[in-house]
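So the chains spell out like this:
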Amino acid sequence: MQRRKLLSSSITALSAAVGTGLLSSCTIRREESSGISVLPTVRWKMATSWPPSLDTIYGGALTISQRVNDLSGGKFQIKPYAAGEIVPGLEVLDAVQAGSVECGHTASYYYIGKNPSFAFGTSVPFGLTAQEQNAWLYEAGGNELLNRIYADFGVLSFPAGNTGAQMGGWFKRKLENLNSLQGLKMRIPGLGGKVMAELGVNVQVLPGGEIYLALDRGAIDAAEWTGPYDDEKLGLSRAARFYYYPGWWEPGPTLTALVNQKAWNKLPAEYQAIFSTACYEANLTMLNRYDNLNGTALQRLVQSGTELVPYSKSILTAAQDAAFQLYSDMAADDRNFRQIFEQWQAFRKDIYNWHKINEFSFSSFSYNYRKG
């Protein structure tokens, strides 16, 4: 008798929940065992900006998917889709905002046309290293500031990958001086692209899967992607010989998981915690993998004929001046940008002062006078 009362009560409660729209028959199936409610089965789709051939950056999405599955005992499942399978690689935010997919994995600076502040979610020229970027996002309130802007799009963001300091791009011919940039057609997104435009570059924005053909066929004269491991996979060394460094526009770029706010609100608190944890793991895992892979990939590229070339001091100085003039102009025109920039700039000043004393002094000695 007691068991029948409990079962009847559970069914009544479940019916009420369905009636109020708390459960979605499309994405959530709540199971019952002996009248005891258990966590739902949830299946999400994740659009990404990456081709699967770039296993480390696409691997950020795979890490999230795998860890969500593991931590939920298979009850919460996310299926990643490569760029172009659901939407083009540069339209992930649009798909998440529209609810076409529940989540996405992308770079927020692809969407500075929607709001220039999104650049800070990835990286800005002469900004923060990967370690500094993580400190700003996780501990200094950076991600909270970004999510205030994402709220206007009905979206939440989570740091979910980092490539580490990037290289400065592939060029078909050497840059003799600052004038060499005039009229040069280069694939470079984000605020780095805006700075290059100020220096006379004809900026193009292309997803990763389209870069090689554009460079090889002469549609562009130069291109940047990430670093040696991914650039080797894309075959960029076959299309251009000169490999510049450093990637001053992306000293520590974060990749981002975006989640539709309505889909997020439907998740049990346990699944929200699992998703957040999986993104945190993806962020650290990707950075570790790139640091492990890039060194040997660079050796292979050099051995095959790639010529490493440093940016001249004149180009770096002009780029830095143009970058901070751009920030000042954008802050004057956009209140959201100004709010994030001022907080970010104060953090940058403090952490630069600290790392100059500690990490920079150690690295300068060790890299130049190392034994072994």
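Read on for a plain summary of the structure. (Residues numbered from 1 in each chain as written. Predicted model: local features only at pLDDT ≥ 70, side-chain atom pairs only at ≥ 80, totals over all residues. Heavy atoms only, no water.)

1. Things to note about the overall build of the protein chain
- In terms of regular secondary structure, the protein chain is built from 12 helices and 14 strands.
- Counting every position in the protein chain, which comprises 372 residues, the buried fraction comes to 52%.
- When contacts within the protein chain are restricted to residue pairs at least 6 apart in sequence, long-range pairs at least 24 apart make up 75% of them. (Helix = DSSP H or I, 4+ residues; strand = E, 2+ residues; numbered from the N terminus. Buried < 20%, exposed > 50% of the residue type's maximum accessible area, 1.4 Å probe, protein only. Contact = heavy atoms within 4.5 Å.)

2. With respect to the packing of helix α11 (residues 313–333) against helix α12 (residues 335–368)
- The interhelical angle for the contact between α11 and α12, taken along N-to-C directions, is 135°, at an axis separation of 6 Å. In this view, α11 runs oblique relative to α12, as classed from their interaxial angle. For the crossing formed where α11 meets α12, the hand is left-handed. Residues Q320, F324, Y327, M330, A331, A332 and D333 of α11 form the contact with α12, whose own contacting residues are R335, F337, R338, F341, Q345 and R348.
- Across the contact of α11 with α12, the residue classes tally to 7 nonpolar, 2 polar and 4 charged. (Axes fitted to C-alpha atoms, helices over the stretch in contact; angles between N-to-C directions. Parallel < 35°, antiparallel > 145°, perpendicular 65-115°, else oblique. Left-handed = near helix turned anticlockwise from the far one by under 90°. Nonpolar A, V, L, I, M, F, W, Y, C, P; charged D, E, K, R; others polar.)

3. Details of the sheet that holds strand β10 (residues 202–204)
- If you trace the 6 strands from one edge of the open sheet to the other, you get β10-β9-β11-β8-β12-β14, paired in mixed fashion. Unpaired on one side and paired on the other, β10 and β14 (307–310) mark the two borders of the sheet.
- Strand direction decides the pairing type here: strand β8 (residues 170–171) and strand β11 (residues 222–223), joined by 2 bridges, are antiparallel. Note that in β11 the partner of W170 across the bridge is A223. (Pairing = 2+ DSSP bridges.)

4. A short note on the packing of aromatic side chains
- Applying the stated criterion to the full structure yields 30 aromatic pairs.
- Taken together, a centroid distance of 5.2 Å and an interplanar angle of 50° make the contact between F120 and F337 tilted. In this pair, F120 is assigned in the loop between β6 (103–106) and α4 (130–139) and F337 in helix α12, connecting sequence segments 217 residues apart.
- By relative accessible area, F120 is classed as buried at 2%.
- Between the aromatic rings of F365 and Y369, the centroid separation amounts to 5.5 Å while the plane-to-plane angle is 35°, which identifies the pairing as tilted. The pair F365 / Y369 is uniform in exposure class, with both members exposed. (Phe/Tyr/Trp six-rings, centres within 6.5 Å; stacked < 30°, edge-to-face > 60°.)

5. Thoughts on the pairing of strand β5 (residues 76–81)
- Across 6 bridges, strand β4 (residues 41–48) lies against β5 in parallel orientation. Within the sheet, the bridge partner assigned to M46 lies in β5 and is P80.
- With helix α2 (residues 58–71) bridging β4 and its parallel neighbour β5, the resulting β-α-β unit is right-handed. (Right-handed = clockwise from strand over helix to strand, strands pointing away.)

6. Quick look at helix α5 (residues 142–150)
- For α5, the tally of buried residues reaches 7 of 9 residues, placing the bulk of the element in the interior.
- Here α5 has its buried residues at G142, N143, L145, L146, N147, I149 and Y150.
- Buried positions along α5 lie against α3 (92–98), α4, β7 (155–162), β13 (254–260) and α12.

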